[in-house]
Amino acid sequence: MAERRHFIRILYRTPAKLQQAQEHWSAEVCDLSLQGILLTCPPNWTPSPDKCYSVSFCLHDCDIELNMETQLVHHDSDYLRMQILHIDIESASHLKRLVELNIGTDELLHRELEQLADLKKHLNE
């Protein structure tokens, strides 16, 4: 099977809150990228026709909370794979820094940011 991912994913484990309308669930972040996030599937979660969810989580050892609007792209009994549709500027800055610290080189980070910009530009056309 061909690899379809365009963004490097980093392993990052932390509790997360998943919300859709008035429903709330607790999950755990497993990994993330500039474009998506992988969560554990909450035990009492069931899919709905509306695939849009809010996801929030705090960075380790601090009270910085990242908030994002996501779309469910795949789920199974263990995981929810979400695409980030919108993220506020402060959360985006923290996510970029988190990826930067885990990616290793500036060259890879700049390539990731260029791919993200190209993808957003293409989606807006």
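This is a predicted model, so every value here is computed, not measured. (Residues numbered from 1 in each chain as written. Predicted model: local features only at pLDDT ≥ 70, side-chain atom pairs only at ≥ 80, totals over all residues. Heavy atoms only, no water.)

A. The sheet that holds strand β2 (residues 23-32), seen in detail. Pairing within the closed barrel is antiparallel, and its six strands lie in the order β1-β2-β3-β6-β5-β4. Averaged over all neighbouring strand pairs, the angle between strand axes comes to 45°, with direction disregarded. Here strand β1 (residues 10-20) runs beside strand β4 (residues 52-58); their pairing, made up of four bridges, is antiparallel. Bridge pairing links leucine 18 to valine 55 in β4. (Pairing = 2+ DSSP bridges. Helix = DSSP H or I, 4+ residues; strand = E, 2+ residues; numbered from the N terminus. Axes fitted to C-alpha atoms, helices over the stretch in contact; angles between N-to-C directions.)

B. Structural detail: the nonpolar core. Among the nonpolar cores identified, the biggest contains 28 residues, and Leu18, Leu32, Ile37, Leu39, Phe57 and Met82 are the most heavily contacted of them. If you list the elements that add at least two residues to this core, you get β1, β2, β3 (36-40), β4, β5 (65-75), β6 (79-87) and α1 (89-103). Those residues in contact with leucine 18, other than ones at most four positions away along the chain, are Glu23, His24, Trp25, Leu39, Pro42, Trp45, Tyr53, Ser54, Val55, Leu80 and Met82. (Core = buried A, V, L, I, M, F, W, Y, C linked by side-chain atoms within 4.5 Å. Buried < 20%, exposed > 50% of the residue type's maximum accessible area, 1.4 Å probe, protein only. Contact = heavy atoms within 4.5 Å.)

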